[in-house]
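Single-letter residue listing:
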Amino acid sequence: MSYAAYKMIHWPTGIENCASGFVTHSCADFTPQIPLNQTEDLESEWPSRRAIGPIPNLIVTAANVLEIYVVRVQQQSSREARISTEGKRGGVMDGVSGVSLELVCSYRLHGNVESMEVLSIGGGNGSRRRDSVILAFQDAKISVMEFDDSIHGLRTTSMHCFEGPEWLHLKRGRESFARGPLVKADPQGRCGGVLVYDLQMIILKAAQAGSGFVGEDEAHGSGGAVSARVESSYIINLRDLDMKHIKDFIFVHGYIEPVMVILHERELTWAGRVSWKHHTCMISALSISTTLKQHPLIWSAANLPHDAYKLLAVPSPIGGVLVISANTIHYHSQSASCALALNSYAVSVDSRMIEHVQGVLSASPDFCEKGGGLYMEWCQELPRSGFNVELDAANATWLLNDVALLSTKTGELLLLTLVYDGRVVQRLDLSKSKASVLTSGITTIGNSFFFLGSRLGDSLLVQYSSGSGTSAFSSGLKEEVGDIEGDAPLAKRLRSSSSDALQDMVGGEELSLYGSAPNNSDSAQKTFLFAVRDSLTNVGPLKDFSYGLRIDADANASGIAKQSNYELVCCSGHGKNGALSVLRQSIRPEMITEVELTGCKGIWTVYHKSTRSHNADDDDEYHAYLIISLEARTMVLETADLLTEVTESVDYYVQGRTISAGNLFGRRRVIQVFERGARILDGSFMTQELSIPSPNSETSSGSESSTVMSVSIADPYVLLRMTDGGILLLVGDPATCTVSINSPTAFEGSKKLVSACTLYHDKGPEPWLRKASTDAWLSTGIGESIDGADGGPHDQGDVYCVICYENGALEIFDVPNFNCVFAVEKFASGRTHLVDAYSQESSEKAINKRSEELTGQGRKENVNLKVVELAMQRWCGSHSRPFLFGILTDGTILCYHAYVFEGPENASKAEDSVSAQNSAGLNNNNASRLRNLRFIRISLDTYTREETSNGTLSERITIFNNISGYQGFFLSGSRPAWFMVFRQRLRVHPQLCDGCIVAFTVLHNVNCNHGFIYVTSQGILKICQMPSASNYDNYWPVQKIPLRATPHQVTYFAERNLYPLIVSVPVQKPVNQVLSSLVDQEVGHQMDNHNLSSDDLHRTYTVDEFEVRILEPEKSGGPWETKATIPMQSSENALTVRVVTLFNTTTKENESLLAVGTAYVQGEDVAARGRVFLFSIGRNNDNPQNLVSEVYSKELKGAISALASLQGHLLIASGPKIILHKWTGNELNGIAFYDAPPLYVVSLNIVKNFILLGDVHKSIYFLSWKEQGAQLSLLAKDFGSLDCFATEFLIDGSTLSLMVSDEQKNIQIFYYAPKMSESWKGQKLLSRAEFHVGAHVTKFLRLPMLSTSSDKTSATAGSDKTNRFALLFGTLDGSIGCIAPLDELTFRRLQSLQRKLVDAVPHVAGLNPRSFRHFHSNGKAHRPGPDSIVDCELLCHYEMLPVEEQLEIAHQIGTTRSQILSNLNDLTLGTSFL
């Protein structure tokens, strides 16, 4: 293997940065549900309801993924108040019954976001301007992005880069830096600051409105919205201001010019010197004048504790800054200061220290004058909080202008209240609140929500409500939400809150939180209520995973279907958010029953609503009939309690195959369409029969040829596409329940052949597409109310007909008049945006013409792409927008999402005249065009294309609105997949377990509640339901099993289908007990505790206690059961658990045993020891007590950090050596050793008799074991210093390579070549490839690659391709990827494509994929290795390009589009392991 491909298959989910701002809409766009101006009436009507103001967007980043959400609030209507709102999460608060996050846009960047800030416009509530997002990337790259309505996405407005040779002086000779750039913005949006290289402050000057840079004329150009922009930037060298060690900085409120407060340490100190040097931090406030580029110091405060690390700007009207340190909180402003001690360590300045300090002060009088007085005062009285807490690693945000919410490292939420008078803060008040998730960031969204972003658990959106005192407000509310999720049955609670962190937060015991009552009566009590409203799933950090069989695995599966038997069981989370995440890439439905059925062409289920039960609830109505179309006949089954065939006793057309069936007239009638006609049925009785007229009655030959090809039904219309390329419309009359045939006049004389068509029913009282037509705005008004409950059922919305022609153009007509309302040329080429051809700006037209000329020049491959199937659907939800799907002849699926963009007024006027001339011939009613409608293309790179056969295609898209509560569509075919819609985002989950699926439909009856039926190509009809345990709103379906402890390592015991895993639980222990366990057993001397006072000894200290749990997967998909627990001794950490196969030299047979390696962690004064255990796992199920029995244990010198079985022997890494043992059945005897790793083994891998081990600092060692002479010998090692995270062998045919990942987020591939001269006669491992992943890879897993279609034809049986392995890896960001070997020809082709794509694709935020993927050495000397890994994250952009550009690029690199696509497809197929 000289070449490989890097491919992500599950993107990062651990949220690192979160912020809120008005990015996609401005403050003024928000229409309040409750009129805010009539406050007096408001008080009288709703004493307990607080108006929710404008809600900004939520922006989150997870590693290199950037996502923008909008918060959707469902107001509780008066109707709903009477009905119980049990379905919504979190009850009713402030008149809000449900809140959800809806995705606006999501990007995968070529670089990890180090920090993010929103540059606000500051103009107050009525402002029409929007905020921008500032992103900072590693080293010193800054991008400013704003949301552009015309493309419905982000666009970069300015880029600032301070890297490269001309900026080298900024580093001041240093190469490695503790952290990446840190960005903060002025609250009024006048400037931003970025700290790079730990010492250089970059000031970004914002453009002022009306300064000519953002003129008023441009405001119309970008869709009427102007966002904050950055005009210029300059550098302040903080070293010139005598600041050396910057810890944090922030912009404060309430000054005329921007004021930046910097927290810095004058001289460094550390834990061992705290008794001598402790209050080393200080803050300095600089006034930033961006025009003069001056920054005078206006005030400062010294003598802050050395562990201060964070600043928090207090909002107006108070102003000032909070300094947060591990044990104290300080408030400072220009005029006042106060502090709060959080625990007993805060007052570590005891009397001896004070005497000592006084001695020092008297010696230096100048110091005494400056800060001594303040310092002495601080020592003597420091107010204590009512409880002990440590605040290191806390995150904070403001709920009100005087209440901050702090989230601690244990996941507790604390409320910090500033007790103030005027602008003077008198004291700080801290009180406990709920427990929640361990956060990585926290942000307030508007005045009612905050978001807890987390890397270690699921991120939560929480609504909060505050009152003062015990007003009617809080008491009324308290009864309403007494138990947020208490009533719901446990299973439902588990499903809605996948992580236990939620259960913590909404325990339901006491929801209201009273702060400790202040002494002064003037400040009233603050009460807060919290309700968790939504959560984003996170499976990171993946510390370890193992690959095992699913509980519902199918033993007979073969090929790709066999892969869906496996699942990935991952250790994720930390502390109380610790969980096992069970990831399954493909869905395996729960089968209810199956029957054989050969030759099926299609299945449909229909309702039959008798007029009596007309008012029954639509959602829960059962299906009445199942219609099955075979090749030459049709079967009809009744779907009552049992499926019984009623083909003979009904008036359905059963003599031939059915094309389609569905309901009309509000489910009172059924329409069945067959090749030459249609029938309307009332239950089982026919009420009307239609025969399809021949298009031209003169020639009899023509009339025979034209039959119905495909059907689309939208009550009361039915659209038929004929074999001759024409269309017919059946129009129903709801009064008489009859149907008449109507041939659209627009198509009578038309020569254009229709290749696909569909009807789109724009349902609801306020049809979405009306917003997009220009005249509709006048009729409905802009600020429509969202709550459409009063519309009633009479307004059924509009119906449109979407048509694609053979030449690839797409048109949308309104029905039944058939006026063209939207048209796009070349829909089939897959452009990123679709705009109505008549409203396009002239510039766009010119560009299109130019690209057409380009494609005409070189004779490239002839690609005739046609659209073979169309679907358009808007799933329910108050803000949902329609999706448009098209399937092309080569199997590509185009997916578009509609949005409204009101173009500039003047452009449309000019276009009017043009379109009027064009439309004269087309009787085009131009007034009602959907001129503001646009579509943006959505990437479906998670779906693997299938090459479609040229046979007649059945309909592949089946839309469903409720299968177990999910909505989306099912794609049948040879690689079937579920496309589910969550938060306006498509999630694609393949279903591989049954191979090809030919027909699919939904079924809801007594025995199958909201389930479905499908028919496989083998001729088996299955009735199934969705597995309920998984959460599908993730890149892969995931089931999280809460452990409430940190999982460290997991392994799979295949014989009994068990998962042994190491977990640790933090336990509070008294200090004296901890100290007594740190005694060295061998020397036996007692530790002297004389330097600890008696109250110190009774303090508690948190210690991790380890155990090995053995879990068994639950059959029903419920929580997993702990079968056995193996506890460790105190201060003994379990480091590794592995299932090993050992050869028993006594009985001469192999045994599968569980091996555990541990280490005693007793501080640096005690020599390290460790133990190795062997356990046998019993075969009998009767007695769970004896499931695990210890067969051997032994104490060794050094920590036992890795274990592996090598040809029946046990290889143990113990401290600085590795020892090979043989197993006699009752003891381990060492037979060989090697002093290989100088420090500590992180991983051991074995292939045949080769050993690869990774050391924590000294890179990798490659050894071999020789049975003759029983010796372990070093073959080669890497001479560089590398901090390994994980290692594994990569096998490609007969080539063996060594893979290693490191602490700088790189991976490297080495190889052993003793014949090469540069390998120093074989001592040195040579580099074969290197690549920057951008995430810490913690585990590699070697899996055999699957055979793909192209391999079968070309490869002979014994070729290299048969023995080819890929490496699956997991990272700490929650992403999963793989490294797969490539043959040279494919690699060269994809590499040249990759080089083209670097320039051909516009990259988000202006980032360069090549620089991102360079090896990061962090200042260490590193000789660059070969560039032999292609980056599929960049290659996946190829399929998103328009077809013309795809052909052009393929032509330039000397290959064809189909060749490239089949290479990319094979790579996906070969690595679809789950």
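Let's shift gears to the overall build of the chain. Within the chain, the secondary structure is distributed over 21 helices and 87 strands. Counting only residues that meet the buried cut, the chain has 57% of its 1474 residues in that class. Considering only residue pairs separated by 6 or more positions, the chain has 62% of its internal contacts joining residues 24 or more positions apart. When the accessible area of the chain is evaluated, it comes to approximately 60,200 Å², of which 50% is carbon and sulfur surface.

Right, let's get into the environment of lysine 1266. One can find lysine 1266 in strand E78 (residues 1260-1266). Looking at lysine 1266, the relative accessible area reads 36%, which means it is partly exposed. Along the sequence, lysine 1266 and phenylalanine 1250 sit 16 residues apart, while their C-alpha atoms lie 9.5 Å from each other.

Turning to unusual backbone geometry, a few remarks are in order. The omega torsion of the bond from serine 316 to proline 317 falls at 5°, within 30 degrees of zero and hence cis. Assignment of secondary structure puts proline 317 in the loop between strand E18 (308-313) and strand E19 (321-325). A cis geometry characterises the amide bond from aspartate 715 onward to proline 716, with omega recorded as 0°. One can find proline 716 in the loop between strand E43 (708-714) and strand E44 (717-722). The phi angle at serine 1131 is positive, at roughly 55°, despite the residue not being glycine. You can see serine 1131 is positioned in the loop between strand E67 (1121-1127) and strand E68 (1132-1144). For lysine 1248, which is not glycine, the phi torsion reads 55° and is therefore positive. As for its position among the elements, lysine 1248 is in the loop between strand E76 (1241-1247) and strand E77 (1250-1255). Judged by relative accessible area, lysine 1248 falls into the exposed class, the value being 66%.

Take the sheet that holds strand E87 (residues 1429-1431) next. Judged by pairing direction, the sheet is mixed, and its 5 strands sit side by side in the order E84-E85-E86-E1-E87 without closing on themselves. Strands with a single pairing partner mark the edges of an open sheet, and in this sheet they are strand E84 (1337-1344) and E87. Direction aside, neighbouring strands of the sheet carry axes that sit 25° apart on average. Judged from the 7 bridges that link them, strand E1 (residues 3-10) and strand E86 (residues 1376-1382) form a sheet pairing that is antiparallel. The residue of E86 that forms the bridge with methionine 8 is glycine 1377. The strands touched by helix H17 (residues 1384-1400) within the sheet are E1, E86 and E87, with E87 carrying the most contacts at an inclination of about 45°.

As a general rule, the predicted coordinates of low-pLDDT regions are not to be interpreted in detail. Of the residues in the chain, 80% reach a pLDDT of 70 or more, and the chain-wide mean stands at 82. Predicted confidence is poor over residues 469-524, with pLDDT under 50, and the contacts of this stretch with residues over four places away or in other chains come to 104 contacts. A low-confidence stretch, residues 849-858 (pLDDT under 50), is modelled with 5 contacts involving residues beyond four sequence positions or located in other chains.

Right, let's get into the packing of helix H20 (residues 1443-1452) against helix H21 (residues 1457-1470). H21 packs onto H20 with a crossing angle of 95° between their chain directions and a minimal axis gap of 8 Å. Judged by the angle between their axes, H20 and H21 are roughly perpendicular. Contacts between H20 and H21 involve Val1443, Gln1446, Leu1447 and Ala1450 from the first element and Arg1457, Ile1460 and Leu1461 from the second. The residue inventory of the contact of H20 with H21, partitioned by class, reads 5 nonpolar, 1 polar and 1 charged.

Here we take up the packing of aromatic side chains. Enumeration over the complete set of coordinates arrives at 40 aromatic pairs. Ring geometry for phenylalanine 528 against phenylalanine 530: centres 6.4 Å apart, planes inclined by 20°, an arrangement best described as stacked. Taking relative accessible area as the criterion, phenylalanine 528 reaches 1% and is therefore assigned buried. Arranged with centres 5.7 Å apart and planes meeting at 45°, the rings of phenylalanine 813 and phenylalanine 818 form a pair that is tilted. Relative accessible area serves as the criterion here: at 4%, phenylalanine 813 is assigned to the buried category. Through a chain of ring-to-ring contacts, the aromatic side chains of Trp875, Phe883, Phe885, Tyr943, Phe969 and Phe979 assemble into a single cluster. The ring of tyrosine 805 carries lysine 752 above its face, with NZ or CZ at 4.5 Å from the centroid. Positioned above the aromatic ring of tyrosine 1035 is the side chain of arginine 987, whose terminal nitrogen or guanidinium carbon lies 5.0 Å from the ring centre.

So, about the pattern of salt bridges. Side-chain pairing between opposite charges can occur once the charged atoms of the two side chains come close. Under the defined criterion, the tally for this structure stands at 49 salt bridges. Here arginine 667 makes a salt bridge to glutamate 621, at a shortest N to O gap of 3.0 Å. In this pair, arginine 667 sits in the loop between strand E39 (658-664) and strand E40 (669-674) while glutamate 621 sits in the loop between strand E35 (600-606) and strand E36 (625-630), placing the two residues 46 residues apart along the sequence. Glutamate 621 carries the same exposure label as arginine 667, and that label is buried. When the shortest N-O distance is used, the salt bridge between arginine 929 and aspartate 836 registers 2.7 Å. Of the two residues, arginine 929 sits in the loop between helix H13 (905-919) and strand E55 (933-937) while aspartate 836 sits in the loop between strand E51 (833-835) and helix H12 (842-857), which places them 93 residues apart along the sequence. Among the residues examined, arginine 929 registers a relative accessible area of 1% and is labelled buried. When salt bridges with common partners are traced through the structure, they connect Glu146, Asp148, Arg155 and Arg229 into a single cluster.

We now examine the pairing of strand E85 (residues 1365-1371). For E85, the tally of buried residues reaches 7 of 7 residues, placing the bulk of the element in the interior. Residue alternation in E85 divides its side chains into two sets, Phe1365, Leu1367, Phe1369 and Thr1371 and Ala1366, Leu1368 and Gly1370, and both sets are buried. With 7 bridges connecting them, E84 and E85 associate as antiparallel partners. The residue of E85 that forms the bridge with valine 1337 is threonine 1371. Across 4 bridges, E85 lies against E86 in antiparallel orientation.

The rules behind the values
Residues numbered from 1 in each chain as written. Predicted model: local features only at pLDDT ≥ 70, side-chain atom pairs only at ≥ 80, totals over all residues. Heavy atoms only, no water. Helix = DSSP H or I, 4+ residues; strand = E, 2+ residues; numbered from the N terminus. Buried < 20%, exposed > 50% of the residue type's maximum accessible area, 1.4 Å probe, protein only. Contact = heavy atoms within 4.5 Å. Areas by Shrake-Rupley, 256 points an atom, 1.4 Å probe, with all protein chains shown as cover. Pairing = 2+ DSSP bridges. Axes fitted to C-alpha atoms, helices over the stretch in contact; angles between N-to-C directions. pLDDT = per-residue confidence, 0-100. Parallel < 35°, antiparallel > 145°, perpendicular 65-115°, else oblique. Nonpolar A, V, L, I, M, F, W, Y, C, P; charged D, E, K, R; others polar. Phe/Tyr/Trp six-rings, centres within 6.5 Å; stacked < 30°, edge-to-face > 60°. Lys NZ or Arg CZ within 6 Å of the ring centre and 35° of its normal. Salt bridge = Lys/Arg side-chain N within 4 Å of Asp/Glu carboxyl O.

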